[in-house]
Amino acid sequence: MYAIEKVEALNAEVTRMVVHAPAIARKIKPGQFIMLRIDEQGERIPLTMNSCDPEAGTITIIFQAVGATTMRLAQMRVGDALLDFAGPLGKPTELEGVKRACVIGGGLGTAIAYSQAKWLHDHGAEVDVITGFRNVDLVLLEDEINENSTRQIIMTDDGSNGNKGLVTAALQQRIDEGADYDLVLAVGPVIMMKFVAATTKPYGIKTLVSMNPLMIDGTGMCGGCRVKVGDEYFHACVDGPDFDGHLVDYDDAMRRGVMYRSFESSAREAAAGKVASEGRTCGDAAVSSGDDHKEA
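Please read all numbers here as calculations on a predicted model, not as lab measurements.

A. Just the packing of aromatic side chains, in detail. One pass over the full model with this rule turns up 2 aromatic pairs. Their ring planes at 40° and their centres at 5.8 Å tell us that Y2 and F85 sit as a pair that is tilted. You can see Y2 sitting in strand β1 (residues 2–9) and its partner F85 sitting in strand β8 (residues 84–89), a full 83 residues away along the chain. In this structure Y2 comes out as partly exposed when scored by relative accessible area, which is 27%. Seen in terms of ring centroids, F234 and F243 are 6.1 Å apart; in terms of plane orientation they differ by 40°. Their pairing is tilted. According to the relative accessible area criterion, F243 is buried, its value standing at 7%.

What follows is the structure, given as structure tokens:
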């Protein structure tokens with residue numbers, strides 16, 4: 001069992017949770033994820049690490065209560081425990097040698113982007129962090145990012161923070177100003193990552209995107225997390241989750257991302273009404289970091 005040591009509401013939709021998992025905390029690196037299960041009846045869902053503390057033996061995850069399992073997870077408290085918390089899974093983000101980077105987070109993708117930005121900052125890189133949210137009330141990790149970046153730019157869809165627009169507009173402006181990045185890393189909704197890659201491609205800037213499609217076991221056995229990159233298919237759980245942003249077939253990824261919408265809706269309704277168990281639904285497994293990068 002994996003004890004929950006801290007639970008904190010970051011806003012009305014998002015929860016930060018600290019879990020005691022010493023063996024994972026000693027090994028996990030930015031970009032890698034875990035698979036958790038609340039109890040024996042629960043489904044497995046992937047959550048990417050937000051941060052870790054090897055000395056304390058803890059892993060921090062950030063998630064939005066949008067599916068059956070994350071709705072249950074958000075109700076858990078300090079002293080409760082998770083049955084399964086397996087990892088680290090996936091490949092770490094390739095950050096060695098990067099001197100000047102732009103890390104872009106869309107919505108919940110910011111929770112993942114933070115760990116990569118912090119690593120780069122800690123290792124002497126100049127790091128711009130651009131994040132995008134629907135409105136100012138949903139902004140995440142602003143103080144933490146300020147402490148672990150060279151420059152932070154926050155965009156909102158409605159301009160409620162005084163900075164209306166898309167993350168791609170901010171990225172284009174920084175490129176026009178001569179930012180000269182040797183890496184752009186994007187984590188967020190598939191459509192956002194598609195246009196980030198389209199923005200950097202004319203300049204030949206290396207661009208990585210973090211793909212998190214439907215994932216059942218996290219070991220490559222189920223085949224559900226296939227991602228088309230160039231002319232080949234890869235498994236996001238073992239070959240990724242980071243891929244060359246200029247080669248990913250985003251349209252294919254978006255088609256696959258909506259395959260289980262009806263199952264997701266049924267699972268959410270059952271969990272919200274407390275009339276059925278979500279243990280064998282596709283509730284969160286099918287939406288883990290889908291259109292809104294809902295879990296991290």
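Still more to cover.
B. Up close: the state of the cysteines. Applying the stated rule across the entire model yields 0 disulfides. For C225, which is in no disulfide, the shortest distance to another cysteine sulfur is to C237 and amounts to 3.6 Å.

C. Highlighting the sheet that holds strand β11 (residues 151–156). Taken in spatial order, the 6 strands line up as β11-β10-β9-β12-β13-β16 in an open sheet, and their pairing is mixed. Pairing within the sheet leaves two strands with one partner each, and these edge strands are β11 and β16 (242–244). Each strand axis lies, on average, 20° off the axis of its neighbour in the sheet, ignoring direction. Sheet topology note: the strand β12 (residues 183–187)/strand β13 (residues 207–210) ladder contains 3 bridges and is parallel. Bridging from a neighbouring strand, L185 pairs with L208 of β13. The strands touched by helix α5 (residues 167–176) within the sheet are β9 (100–106), β10 (126–133), β11 and β12, with β10 carrying the most contacts at an inclination of about 155°. Each of β9, β12 and β13 is contacted by helix α6 (residues 190–200), which is oriented at about 165° to β12, the strand it contacts most.

D. Expanded view of the packing of α5 against α6. Running from N to C, α5 and α6 cross one another at 20°; their axes reach a closest spacing of 10 Å. Looking at the two axes, α5 sits roughly parallel to α6. Classified by chirality, the crossing of α6 by α5 is right-handed. Contacts from V167, T168, L171, Q172 and I175 of α5 reach α6 at M192, F195, V196, T199 and T200. A per-class count over the contact of α5 with α6 returns 6 nonpolar, 4 polar and no charged.

E. How the structure looks around α5. Within α5, the full set of buried residues consists of V167, T168, A170, L171, R174 and I175. Down the axis of α5, the buried side of the element spans an arc of 160°, and every buried residue falls inside it. In this structure, the buried residues of α5 make contact with β9, β10, β11, β12 and α6. Positioned one or two residues after α5, G178 has a phi angle of 90°, which is positive.

F. Layout of the sheet that holds β8. The antiparallel open sheet is built from 3 strands, whose spatial order is β4-β3-β8. In the strand order of this sheet, the two ends are held by β4 (45–48) and β8, each with one partner. Ignoring strand direction, the axes of neighbouring strands in this sheet form an average angle of 25°.

G. Focus on unusual backbone geometry. Following G87, the chain continues to P88 via a peptide bond in cis, the omega torsion being 0°. Relative to the helices and strands, P88 resides in strand β8. Here the residue pair G240 and P241 is connected by a cis peptide bond, since its omega of 15° sits within 30 degrees of zero. With a phi angle near 55°, L141 is a residue other than glycine that sits in the positive phi range. Within the secondary structure layout, L141 lies in the loop between β10 and α4 (142–147). What makes L141 buried here is its relative accessible area of 7%.

H. Seen up close, helix α3 (residues 109–122). Taking 1.5 Å per residue as the helical rise, α3 with its 14 residues ought to reach 20 Å, and the 20 Å between its terminal C-alpha atoms agrees with that figure. Most of α3 sits inside the fold, with 10 of its 14 residues counted as buried. Of all the positions in α3, only G109, T110, A111, I112, A113, Y114, S115, Q116, A117 and L120 are classed as buried. Once α3 finishes, G124 follows within two positions and takes phi at roughly 90°, a positive value.

Criteria and thresholds
Residues numbered from 1 in each chain as written. Predicted model: local features only at pLDDT ≥ 70, side-chain atom pairs only at ≥ 80, totals over all residues. Heavy atoms only, no water. Phe/Tyr/Trp six-rings, centres within 6.5 Å; stacked < 30°, edge-to-face > 60°. Helix = DSSP H or I, 4+ residues; strand = E, 2+ residues; numbered from the N terminus. Buried < 20%, exposed > 50% of the residue type's maximum accessible area, 1.4 Å probe, protein only. Disulfide = S-S within 2.5 Å. Pairing = 2+ DSSP bridges. Axes fitted to C-alpha atoms, helices over the stretch in contact; angles between N-to-C directions. Contact = heavy atoms within 4.5 Å. Parallel < 35°, antiparallel > 145°, perpendicular 65-115°, else oblique. Left-handed = near helix turned anticlockwise from the far one by under 90°. Nonpolar A, V, L, I, M, F, W, Y, C, P; charged D, E, K, R; others polar. Arc of directions from axis to C-beta. Expected span 1.5 Å × (residues − 1).

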